[in-house]
Structures are given as C-alpha cells and as structure tokens.
Amino acid sequence: MAPKGFMIDFSNKCIIVTGGNRGIGYAFSRAVAQAGARVAIIYRSSKDAPDVAQKLSKEFNVDVKAYQCDVSDADGTNKTFNKIDKEMGPVTGLVANAGVSVVKPALELTTDDFNKVYNVNVLGVFNSARAAAKLWIDAKHAGSIVITSSMSSQIINQAAPNKALTQVFYNSSKGAVSNLTKGLAAEWAPYHIRVNTVSPGYVNTDQTSHMDKHIRDHQARNVPLGRFAEPHEMTGQAVLLLSDHGSYMTGGEYFVDGGQLVW
Ligand code: NDP
C-alpha cells in the first residue's frame, strides 16, 4: 500500500534565501530547512545572521550558513552565489525575498529614496535571479525561483478610509518586480528554470511594526480575514513552488493576502 500523506522532501535541495535572516525571509529559511534542504541565508547588515543560521541548523539538523552580500551589487551577488554553490551546492532553488520600503508623501520623495527602494526590490531581485540562472544554465541544471513581491503590486494601500499610505516607490517597485517575474519565466523556460512570485498581504514583521498603530488597525480591519498574517503563513505557497509539485507552474503571481484583493 502506498504511504498516506502529502510529502515534500527537500533532502537533496540547496536553497538560497535573500533576506533570510529575519521577517518573512526567516520563515522561508525555516520552512525549507524543516523540509530538509541545505539553506544559504543572504543578509546585508544584521550582525546576528550567523547565529540565526546556526540555530536553524541545530533545530533541523541540516546545513544552514549565513552569507553577507548586498544584492544591489551585481558582481558581489554573482560571487556570493558562486561561493555558495561551491561550499553548499549544487544550488537548486532561490527565494529572492530581500526588500525595503520608504514611506513618505510623493512630494517629498528624492532620487536617493528611489534608488534605495528600486536597487533592492527590483535590481536586487534581478541580480539574485540572474546569478542563480547563470549557475543552472552553465551546469545544465533545472531550478526554481520564488520572488517575494507584494499585493501592493496591484493596489494602493490605505492608511485610513480613502487615504493613501504614501509609498509610491515601494508599490511601483512591486508592480515592476511582478512583471519582471513574467519576463524571466518566459526567457528561462527553455532552460527548465521556473520563476514565480509569492505576493504577501500585511504580515507582522519589522517592516510593518514600525508603522503607526492606527494605520495597522485600519488595515487589519479591512482584510477579509480581519488580521495581519504571521510570517510562517507565507511559507506553504513558496515551498510548493520550490518543490517538484510545482513543476507546471511558472510566470505566476500567487497572493497570500487574507482575501484583501477581493475588494
Ligand atoms: P524585513 O524588513 O523584516 O527584512 C528585510 C530583509 O531584507 C532583511 O533580512 C535584510 O537584511 C534584507 N535586505 C534588505 N536589503 C538588502 C540588500 N540590499 N541585500 C541583502 N539583503 C537585504 O522585511 P519583511 O520580512 O517585512 O519583508 C520581506 C519581503 O516581503 C520584502 O520583499 C517585502 O517587500 C515583502 N513584503 C512584506 C510585507 C509585510 O507586510 N511585511 C507585505 C508584502 C510584501 P538585514 O537584516 O541584514 O538588514
């Protein structure tokens, strides 16, 4: 008799998670480690990232290491991916998750603000995806890329009834990266590289905890499920896309938003 249950086993996988040391990225790192993968966590400046990696490694008895790398630097990102491939590889999957936001009225936004947001949310995702694709195309290896976009790719978030949360660079960067996903999926399908987006709704992380409580309360009230998500609630969709169960999924944007986009 065949065994019961639905199994996702990443024992032979090695997955890179950018921004994998905290927030939603940490939940992704933990989920793929739990499924048995070797995990390379990329962080920019958090000093405790190596400790986070060690803790996960112990919890699930898998190899987890932290690598410092600014994903907005294309050369540095290529070098870091090559190093990970040699030390922990072959790399089989990528979660391009690192992202930042600037909340300011449009009239006050600067070119520096634009660069800060787009260099990570769009260029950084592109650099990470291309570094992974180069590894796989050179090795004639298939791969799966999951990009963390946002439901903000589709909507303007509210701070209060009929009042915008002022972050036009952030929302437009997510629109850009959701479209980038489709283009990369189309270009790399012949190499058996799948590229998809997980687009979260409101999630309790450092990014949202810095917002005014009135704004967060208003946002939570307007989500059909009536609350922000916890980071681990984003992981099922990403794990599915990274796994062989997602073998016919590419170029898609998958919303995990508590129903927000029904409005
Ligand atoms: P956090 O602010 O909690 O964490 C951001 C992570 O990205 C950190 O690990 C940080 O590293 C890393 N990072 C930032 N810039 C760089 C860089 N240049 N190079 C490498 N790593 C970098 O973010 P969240 O967990 O809230 O968000 C994760 C993703 O989910 C983002 O793309 C965000 O836009 C998206 N998202 C979040 C939502 C939410 O409600 N929180 C909703 C929808 C989407 P370090 O710790 O070293 O600074």
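Everything discussed here concerns the structure shown above.
The written sequence of each chain sets the order in which its residues are numbered from 1. Per-residue local features of the predicted model are confined to residues with pLDDT of at least 70, and side-chain atom pairs are confined, for both listing and counting, to 80 or more; whole-chain, interface and lining totals are unaffected and use all residues. The side-chain quantities take in all heavy atoms of the structure and omit both hydrogens and water.

A pair of strands counts as paired when DSSP detects no fewer than two bridges linking them. Helix numbers and strand numbers start at the N terminus; a helix is a DSSP run of H or I with at least 4 residues, a strand a run of E with at least 2. Read across the sheet, seven strands follow the order β3-β2-β1-β4-β5-β8-β9 without closing on themselves; strand pairing throughout is parallel. Edge positions in the sheet fall to β3 (64-68) and β9 (253-256), since each has one partner strand and no second. Between one strand and the next, the sheet's axes are offset by a mean angle of 20°, whatever the strand orientation. Across six bridges, strand β5 (residues 143-148) lies against strand β8 (residues 193-200) in parallel orientation. By the bridge assignment for β8, S144 is matched with R194. Residue contacts are counted whenever heavy atoms from the two residues lie within 4.5 Å of one another. Axis lines are fitted through C-alpha atoms, for helices just across the contact stretch, and the angle between N-to-C directions can take any value from 0 to 180 degrees. This element, helix α3 (residues 74-88), spans β1 (14-18), β2 (38-43), β3 and β4 (93-96) of the sheet and lies at about 160° to β3. Here helix α6 (residues 168-188) sits on the sheet and contacts β5, β8 and β9; the angle it forms with β8, its principal contact strand, is near 160°.

We now examine the packing of aromatic side chains. Ring geometry is summarised as follows: Phe, Tyr and Trp rings, the Trp one being its six-membered ring, pair when their centres sit within 6.5 Å, and such pairs are stacked at plane angles under 30 degrees, edge-to-face over 60 and tilted between the two. Within this structure, the stated rule accounts for three aromatic pairs. With a centroid separation of 4.1 Å and 15° between ring planes, the pair formed by F114 and Y118 is classed as stacked. Taken as a pair, F114 and Y118 lie in helix α4 (residues 111-121) at a separation of four residues, close to a single helical turn. For F114, a relative accessible area of 32% puts it in the partly exposed group. Ring plane angle 15° and centroid distance 5.1 Å describe the contact between Y202 and F228, whose orientation is recorded as stacked. Separated by 26 residues along the polypeptide, Y202 in the loop between β8 and α7 (206-209) and F228 in the loop between α8 (213-222) and α9 (235-242) bring together distant segments of the chain. The burial state of Y202 is the same as that of F228; both residues are buried. An aromatic cluster of three or more residues is present, and its members are F114, Y118 and F169. Think of it in three bands: with a 1.4 Å probe and only protein chains considered, a residue is buried below 20% of the maximum accessible area for its type, exposed above 50%, and partly exposed in between.

Here we take up the site of the ligand. Every one of the 30 residues lining the ligand counts as a neighbour, but R22, S45, S46, Y170 and T205 are closest to it. Contacts described as polar in this section are N or O atom pairs within 3.5 Å, which, within protein, must combine one atom able to donate a hydrogen with one able to accept it, while residues neighboring in sequence count only if both atoms come from side chains. Within the side chain of S46, a nitrogen or oxygen atom sits 2.6 Å from an oxygen atom of the ligand. Between a nitrogen atom of the ligand and a main-chain N or O atom of C69, the distance comes to 3.4 Å. Computed on the free molecule, the ligand has an accessible area of 910 Å², of which 96% lies beneath the protein chains in the complex. Where the shell around the ligand is concerned, the elements lending two or more residues are α1 (23-34), α6 and α7. Residue contributions to the shell around the ligand peak at three residues, all from α7. For this description, a residue counts as near a given molecule or strand if any of its non-hydrogen atoms is within 4 Å of it. We get accessible surface area from the Shrake-Rupley algorithm with a probe of 1.4 Å; when it comes to residues, only the shown protein chains can shield them.

Moving on, we come to the pattern of salt bridges. Pairs may arise between side chains of opposite charge once their charged atoms sit close together. For this document, the term salt bridge refers to a Lys or Arg side-chain nitrogen within 4 Å of an Asp or Glu carboxyl oxygen. Taken as a whole and assessed by the stated rule, the structure comprises seven salt bridges. A salt bridge links R22 to D206; the shortest N-O distance between them is 2.8 Å. Of this pair, R22 sits in the loop between β1 and α1 while D206 is found in helix α7, placing the two residues 184 residues apart along the sequence. Accessibility expressed as a relative area gives 39% for D206, which makes it partly exposed.

Moving on: the nonpolar core. In this text, buried Ala, Val, Leu, Ile, Met, Phe, Trp, Tyr and Cys residues form a nonpolar core when linked through side-chain atoms within 4.5 Å. By size, the foremost hydrophobic cluster in this structure holds 31 residues, and its most contacted members are I16, I42, F81, I84, I145, W188 and V195. Only β1, β2, α3, β4, α5 (123-139), β5, α6 and β8 provide two or more residues apiece to this core. It is α5 that contributes the most residues to this core, seven residues altogether. Those residues in contact with I42 that lie beyond four places of it in its chain are I16, V17, T18, G19, G20, N21, Y67, C69, V71, T80, F81 and I84. Residues F10, A53, A238 and L242 belong to the second largest nonpolar core, which totals 29 residues.

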